[in-house]
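Inside the fold
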Amino acid sequence: MVTITIDGNVCEVPASMTILKAAASVGIKIPTLCYLKDLNEVGGCRVCVVEVEGAEHLVAACNNTVLDGMVVHTNTPKVRAARMTNVELLLSQHDSSCTSCVRSGNCTLQTVANDLGIYRLPYKKHVEHNSWDRTFPLIRDNEKCIRCLRCIQVCEKVQGLGVWDLTNRASHASVDVRGRKPITEVDCAACGQCITHCPVGALRERDDTERVFDAMADPNKVVMFQIAPAVRTSWGEELGLSREEATVERLCSLLHAMGASYVFDTDFSADLTIMEEGSELLHRIAEHDAGGEDAPALPLMTSCCPGWVRYVKARYPQFVPQVSTSKSPQQMFGAMAKTHYADVLGVEAKDVFCVSVMPCVAKKTEAALPTMVGEIGDPDVDVALTVREVVRMIRASHMDPTSYEDRELDRPLGFGTGAGVIFGTTGGVMEAALRSAYFLVVGENPAPDAFKEVRGCDGWREAVFDLNGRELRIAVAHGLANAGKLLDALERGAVHYDFVEVMACPGGCVGGGGQPIHDGVELADERAAVLRALDHDAQIRFSHENPDVAACYRDFLGEPLSELSEKLLHTDHTAWDMP
């Protein structure tokens, strides 16, 4: 421990602590822009500079550690002048059209500039322009980039992809796709983590809200929404609602008032996914254990995360045959909505407009795949919206969520079990699948929490369970860099598993790239706790006990892995290409 003085406050802190963290420990906030805990502590923006007695120059608080006896001043005239100059220089190279920026009101640069009292710019504007394919789900606008390097660090260190890179040097430096290639020609997973970690509006999702508004205004369209499990943990955050107020039933009410014909729960199709993927797992294990030249390889790997599917196709194509052919819950819902439920309603598939509300950017790429279409060639899911887009639609409709009562989601595609709910958090797909796989093998339910060992926050974790005398080795990974380590170990033969769950985003869907942005704050754990609580309190906690899923099989599909199930609910991952 060392003793330091910060703005007159004497305190003892660990010798390895940075000035920034030491100040925060005594309630003193030092502004930052480029800083991202444990990932980007380069001091590049120079907004966090402070004055240290005895030092000739101002020092960056984010990457300079404390020394015993150090005296720090965080808000002297010299410090404020330096911060103002640094931010003014950033603004001189930044498109400050805040009223038309998707991050207006939630922009760290805007906040810092306002806090510093910057109301005019003394420097000549020079804004960089970049070309971009705006049909791609992820959009980069370099006119707003402040070269903080966060996107580079997140993509490299957390996702192991390295899509972004610093190009040119000195005053001409800019961030762009590595090698200056078009984004459509690189192996971007479209996970959106660069978006949620950008402090400004330089990165965003493609906005598809007008397509949805147009569909709701078309009297010939039956607009069906589905709401993903993780959405119920987060949609109210930007609207100032507590978690207790921001129920999925209230969101259902808002969407109906906005013009939706039906609002369903993706928990239903998550349960449907478990029935298909769990059955696929058991068949694969049986065929593997029987041996023979054509015995399939293990592990079977989950397929509900499109960012992960894009990653494994691009980086580890040798493992694609081991990825489950089961469609994701989003796509299973779309297939069922435009076949079975369209028949129930007596409408044609072409008149059904299917909208998914997802915590994800990659779901936009998944919905557009050539393999995710019906018999007439129309997409199973017409539009995939992020949570941020839905919030923008609520605001554009001038709705006050607190004035709307909860409304039950529509049936029969609107009932989900606790197992379906936990799809939104890392380990949830695995746990839900094991609950039903156990029943299918043993003939009776396990204790609902029998497989809780799969829960946790470690980026790569493993467990072994007994499945009616057969040792079942499983692994769970979240964050694509962790997935890469797992796949490398599998390829070396260092580990052996029967079933692997991978989620592209840290924490799973609750930490997805389409979730609300809280700069510098990670809320995946807090959101996951909401899902775990919903599962714990659910009336039904096993996917195979979902009465609506049972009815779908009885009245339409037949059974898991039936010919019709294979046609509608499964896909061919080799039928499309990644760069």
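Above this note sits the structure.
One structure accompanies this document, and this report is about it. (Residues numbered from 1 in each chain as written. Predicted model: local features only at pLDDT ≥ 70, side-chain atom pairs only at ≥ 80, totals over all residues. Heavy atoms only, no water.)

**Describing the pairing of strand E17 (residues 499-503)**
- Counted residue by residue, E17 has five buried out of five residues, so it is predominantly covered.
- Across the two faces of E17 the burial is the same, with Phe499, Glu501 and Met503 and Val500 and Val502 all buried.
- The pairing of strand E12 (residues 300-301) with E17 spans two bridges and is parallel. Looking across to E17, one finds that Leu300 is bridged to Phe499.
- Where strand E16 (residues 470-478) lies against E17, five bridges are found, and the strand directions are parallel. Within E17, the residue paired with His478 across the bridge is Met503.
- Between the parallel elements E16 and E17, the chain passes through helix H15 (residues 480-492) in a crossover that is right-handed. (Buried < 20%, exposed > 50% of the residue type's maximum accessible area, 1.4 Å probe, protein only. Helix = DSSP H or I, 4+ residues; strand = E, 2+ residues; numbered from the N terminus. Pairing = 2+ DSSP bridges. Right-handed = clockwise from strand over helix to strand, strands pointing away.)

**Side note on the sheet that holds E12**
- Here we have four strands laid out as an open sheet, ordered E12-E17-E16-E15, and mixed in their pairing. In the strand order of this sheet, the two ends are held by E12 and strand E15 (460-467), each with one partner.
- Packing of helix H14 (residues 428-442) onto the sheet brings it into contact with E15, E16 and E17, and relative to E17 it is tilted by some 150°.
- Against the sheet, H15 engages E12, E15, E16 and E17, with an angle of about 140° to E16. (Contact = heavy atoms within 4.5 Å. Axes fitted to C-alpha atoms, helices over the stretch in contact; angles between N-to-C directions.)

**Here's the deal with the side chain of His478**
- With respect to the helices and strands, His478 occurs in strand E16.
- According to the relative accessible area criterion, His478 is buried, its value standing at 8%.
- Within polar-contact distance, the side chain of His478 engages the backbone oxygen of Asp458 at 3.1 Å.
- Sequence-distant contacts of His478, defined by excluding residues within four places in its chain, comprise Thr426, Cys457, Asp458, Gly459, Arg461, Met503, Cys505, Pro506, Gly507 and Gly508. (Polar contact = N/O pair within 3.5 Å; in protein donor to acceptor, adjacent residues only side chain to side chain.)

**Brief notes about the packing of helix H7 (residues 248-258) against helix H12 (residues 387-396)**
- The contact between H7 and H12 brings their axes to 11 Å, and the two run at 55°. The orientation of H7 relative to H12 falls into the category oblique. You can see that H7 and H12 cross each other, and the crossing is left-handed. Only Val390, Met393 and Ile394 of H12 make contact with H7, whose side of the interface consists of Leu251, Leu254 and Met258.
- The residue inventory of the contact of H7 with H12, partitioned by class, reads six nonpolar, no polar and no charged. (Parallel < 35°, antiparallel > 145°, perpendicular 65-115°, else oblique. Left-handed = near helix turned anticlockwise from the far one by under 90°. Nonpolar A, V, L, I, M, F, W, Y, C, P; charged D, E, K, R; others polar.)

**Focus on the sheet that holds strand E13 (residues 352-358)**
- Ordered in space as E11-E10-E13-E14, the four strands form an open sheet in which the pairing is parallel. With partners counted over all chains shown, the strands left at the sheet margins are strand E11 (262-265) and strand E14 (383-386), one partner each. For this sheet, the mean inter-axis angle between neighbouring strands, taken without regard to orientation, is 25°.
- Sheet topology note: the E13/E14 ladder contains four bridges and is parallel. Residue pairing in the sheet places Val357 in a bridge with Leu385 of E14.

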